[in-house]
Amino acid sequence: MKAPLDGIRIVDLTRVLSGPFCTMMLGDMGAEVIKVEPAKGDPIREQGTLSDGFSTYYASFNRNKKSVVIDLYSDAGRRVLERLIAGADVLVDNFRPGVMARMGLGEDRLKQLNPRLVTASVNGYGSTGPYADRPAFDFIAQAMSGLMSVNGAEGTEPMRVAQPITDLVAGLYCAFGIVSALRARDLNGTGQHVESAMMNGALSMMAYLASQYFATGQLSVRTGNDHPLVAPYGLFKAKDGEIAVAPSNDIILKRFLDLIGLGYLLSDPRYDSNDKRFERRAELNQIINGQLGDENQDIWIARLNAAGVPCGKVRNLAEALNDPQTRAQEMVIEVDQPNHGPIRMLGFPVKLSGTPCQIRHPAPALGEHTRSVLEAAGFSPDEIDRLTAEGAIGDH
């Protein structure tokens, strides 16, 4: 069967992370992604650990793409881009709002070129509001969205999430918006604009922390590994290390406490409601630690999971990546990178039974597909040679 996005052509002007993550997911689903780069390439070609001058960071976010080098500062280069846009289904950028218009590719011009085009932008704050023109990076979006204010332990400084979470969430939402806009185009006949902002994405992930504030008007304190609404819940100490346990409702809590010999606490007037347990969380955690300290992690984890209590070890990244469950789910894959050998990267988190994601080609060399893409777009060999000589395009 054909891939879900087979036949969809995407012109990708994005660089670094949020946009490339978005377009990689679309490429994984079968879209043809044409990555437009300047002569020096996407900056992340030079970031992260380099192996023989090749960035594994770049490879991990640019599989299933074709690379075309175009000088967008030149008139001839912009004309090349316009011809590619005319034959595309989607145009994606992660410039600041207004940059595309200053390039001569505002909304009206894009509609002239391709009325059915879906355009998409990933940015920091959205295209309206007082912060629309501000530059943004993940760290700033984490700070501005309130995410850092609720992360970390009580009494400590605000803490960022280690991963560039706002970049990734914005890219994920943008991909979702693009496939939704493509479906809307099928129904209505015209394209539309999709926008995904890092700060909006982070705010949308505030979940019960936002709900609690709306209900009470009170700010959540940082609770570290404890739950802000439920107790007991968090990290507990077995004989040889910590266990993460999540008794998120009364049924699971009863299973947990019964199994470790503390079921009687649920009838103790000090602990017979969540509110009371929450108020006495520190002493309750200490009682639980006293019970768990007699056995090793693996024993408790086996018993608790068998009883239907969600729990697990706190693993480091190496342990997680080499876990048998990770292998069973093919969440680490190996891609043969020409001239550089096999490169390990994260696999496909979405599993489709009939049309699974697959590696159709590895991350491209800079300008690797300039000639073939332009030929497919109707450029003659002479035109391509002339544009190359003028510096409007770059041929690998």
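For the structure itself, consult the block above.
Predicted, not measured: the structure shown is a model, and the values here were computed from it. Every residue gets a number counted from 1 within its own chain, in the order that chain's sequence is written. Side-chain atom pairs in this predicted model are given and counted only at pLDDT of 80 or more, local residue features only at pLDDT of at least 70, and totals for whole chains, interfaces and linings cover all residues. Based on all heavy atoms of the structure, the side-chain values leave hydrogens and waters out of the count.

Asker: How should I be thinking about the sheet that holds strand β14 (residues 393-394) in this particular structure?
Answerer: Hydrogen bonds between backbone atoms are what pair the strands of a sheet, whose relative direction is either parallel or antiparallel. The strand order across the open sheet formed by seven strands is β8-β7-β6-β1-β2-β5-β14, and the pairing between neighbours is mixed. The sheet terminates laterally at β8 (193-197) and β14, the two strands that pair on one side only. Whether two strands pair comes down to DSSP finding at least two bridges between them. For the purposes of this entry, the term helix denotes a DSSP run of H or I that reaches at least four residues, the term strand denotes a run of E that reaches at least two, and both are numbered from the N terminus. Pairing analysis gives four bridges linking strand β1 (residues 9-12) to strand β2 (residues 32-37), with the strands arranged parallel. Opposite Ile10, over in β2, you have Val33 as the bridge partner. Strands in contact with helix α3 (residues 75-86) are β1, β2, β5 (66-70), β6 (90-93) and β14; relative to β5, the strand with the most contacts, it is inclined by about 145°. For this analysis, residues touch if any pair of their heavy atoms sits within 4.5 Å. Only C-alpha atoms enter the line fits that serve as axes; for helices the fit covers just the stretch in contact. Angles between N-to-C directions range over 0 to 180 degrees.

Asker: What's the story with unusual backbone geometry in this structure? I'm lost.
Answerer: Apart from glycine, the bulk of residues carry a negative phi angle, and the bulk of peptide bonds sit in the trans form. Cis peptide bonds are those with omega within 30 degrees of zero, and the linkage from Ala231 to Pro232 qualifies with 0°. When you line up the elements, Pro232 lands in the loop between α9 (207-216) and β9 (234-238). Positive phi, close to 55°, is recorded for Asp52, a residue that is not glycine. Secondary-structure assignment places Asp52 in the loop between β3 (50-51) and β4 (54-55). The phi dihedral of Asn339 falls on the positive side, at around 70°, and the residue is not glycine.

Asker: Would you mind going over helix α13 (residues 297-306) with me for this structure?
Answerer: Structurally, the α-helix is built with 3.6 residues per turn, so residues lying three or four positions apart point the same way. For the exposure calls, accessible area comes from a 1.4 Å probe over protein chains only, and a residue counts as buried if that area is under 20% of its type's maximum, exposed if over 50%, partly exposed in between. Among the residues making up α13, those that are buried are Gln297, Trp300, Ile301 and Leu304. Viewed along the axis of α13, the buried residues span an arc of 100°, placing them on a single side of the element. At the C-terminal side of α13, Gly308 shows a positive phi close to 85°. What the arc covers is the set of directions going from the helix axis to the C-beta atoms.

Asker: What should I look at first to understand the layout of surface pockets in this one?
Answerer: One simple way to see leftover space: roll a probe sized like a water molecule over the atoms. The rule is simple: put a 1 Å grid over the protein atoms alone, call a set of points where a 1.4 Å probe fits but cannot get out a cavity, call an open set with protein on both sides within 12 Å along at least five of seven lines a pocket, and count a residue as lining if it has an atom within 4 Å of a point. Grid points are joined across faces, edges and corners, and a volume is the space filled by probe spheres set on the points. By volume, the largest pocket amounts to about 1,100 Å³. Taken together, 34 residues make up the lining of the largest pocket; nearest its centre are Phe21, Met24, Phe61, Leu168 and Leu346. Every element with two or more residues in the lining of the largest pocket is listed here: α1 (18-28), α2 (56-61), α7 (165-188), α14 (317-321) and β13 (341-346). Tallying contributions element by element places α7 first for the lining of the largest pocket, with seven residues. By residue class, the composition of the lining of the largest pocket is 27 nonpolar, four polar and three charged. In the scheme used here, Gly and all other residues not listed as nonpolar or charged are polar, with Ala, Val, Leu, Ile, Met, Phe, Trp, Tyr, Cys and Pro taken as nonpolar and Asp, Glu, Lys and Arg as charged.

Asker: It is not clear to me how the pairing of strand β12 (residues 332-337) should be interpreted in this structure. Could you clarify?
Answerer: The two faces of a sheet get side chains in turn, since along a regular strand they alternate between them. Of the two faces of β12, the one lined by Ile333, Val335 and Gln337 is fully buried and the one lined by Val332, Glu334 and Asp336 carries no buried residue. Remark: three residues form the turn of the hairpin made by β12 and β13, two consecutive strands paired antiparallel; Asn339 in that turn has positive phi of roughly 70°.

Asker: Explanation requested: the packing of aromatic side chains in the structure shown.
Answerer: Ring pairs (aromatic) are described by centroid distance and by the angle formed between their planes. Here a pair means two rings of Phe, Tyr or Trp (six-membered ring of Trp) with centres within 6.5 Å. Their orientation is stacked below 30 degrees between planes, edge-to-face above 60, and tilted elsewhere. Applying the stated criterion to the full structure yields six aromatic pairs. Between Tyr57 and Phe61, the ring centres sit 5.8 Å apart and the planes meet at 80°, which makes this aromatic pair edge-to-face. Remark: Phe61 and Tyr57 occur in helix α2; sequence separation between them is four residues, near one turn of the helix. By relative accessible area, Tyr57 is classed as partly exposed at 25%. The class for Phe61 is buried, based on a relative accessible area of 17%. Measuring from centroid to centroid gives 6.2 Å for Tyr213 and Phe214, while their planes differ by 55°, and the two rings are tilted. In this scheme, Lys NZ or Arg CZ marks a charge over a ring once it lies within 6 Å of the ring centre and within 35 degrees of the ring normal. When the ring centre of Phe379 is taken as origin, the NZ or CZ atom of Arg83, which lies over that ring, is 3.6 Å away.

Asker: What is the right way to look at the nonpolar core in this model?
Answerer: Looking at soluble globular proteins, one finds that nonpolar side chains tend to be buried together. Throughout this description, the term nonpolar core refers to a set of buried Ala, Val, Leu, Ile, Met, Phe, Trp, Tyr and Cys residues connected via side-chain atoms within 4.5 Å. With 38 residues, the main nonpolar core has Ile8, Ile10, Leu26, Ala31, Val90 and Ile178 as its most contacted residues. Counting residues per element, the ones that place at least two in this core are α1, α2, β6, β7 (118-123), α7, β12 and β13. Once residues within four sequence positions are removed from consideration, Val90 is found in contact with Ile8, Arg9, Ile10, Val11, Leu117, Val118, Ile178 and Leu182. If you look at the next biggest cluster of nonpolar residues, it comprises 28 residues, including Leu13, Leu81, Phe95 and Ala392.

Asker: Is there a simple way to explain the pattern of salt bridges in this structure?
Answerer: Two side chains carrying opposite charge are able to pair once their charged atoms lie near each other. Throughout this description, the term salt bridge denotes a Lys or Arg side-chain nitrogen within 4 Å of a carboxyl oxygen of Asp or Glu. On inspection of all chains with the given rule, the structure shows 23 salt bridges. Of the charged contacts, one joins Glu32 and Arg9 as a salt bridge, the two residues approaching to 2.9 Å between their closest N and O atoms. Of this pair, Glu32 sits in strand β2 while Arg9 sits in strand β1; the two residues are 23 residues apart in sequence, bridging distant segments of the chain. Among the ionic contacts, a cluster of salt bridges with common partners joins Arg9, Glu32 and Lys66.

Asker: What am I meant to see in the sheet that holds strand β11 (residues 311-313) here?
Answerer: Strand order across the open sheet formed by three strands is β9-β10-β11, with antiparallel pairing between neighbours. Unpaired on one side and paired on the other, β9 and β11 mark the two borders of the sheet. Averaged over neighbouring strand pairs, the angle between their axes works out to 35° when direction is ignored. One ladder, built from three bridges, connects strand β10 (residues 241-245) with β11; its direction is antiparallel. Counted as the bridge partner of Ala244 is Gly312 from β11.

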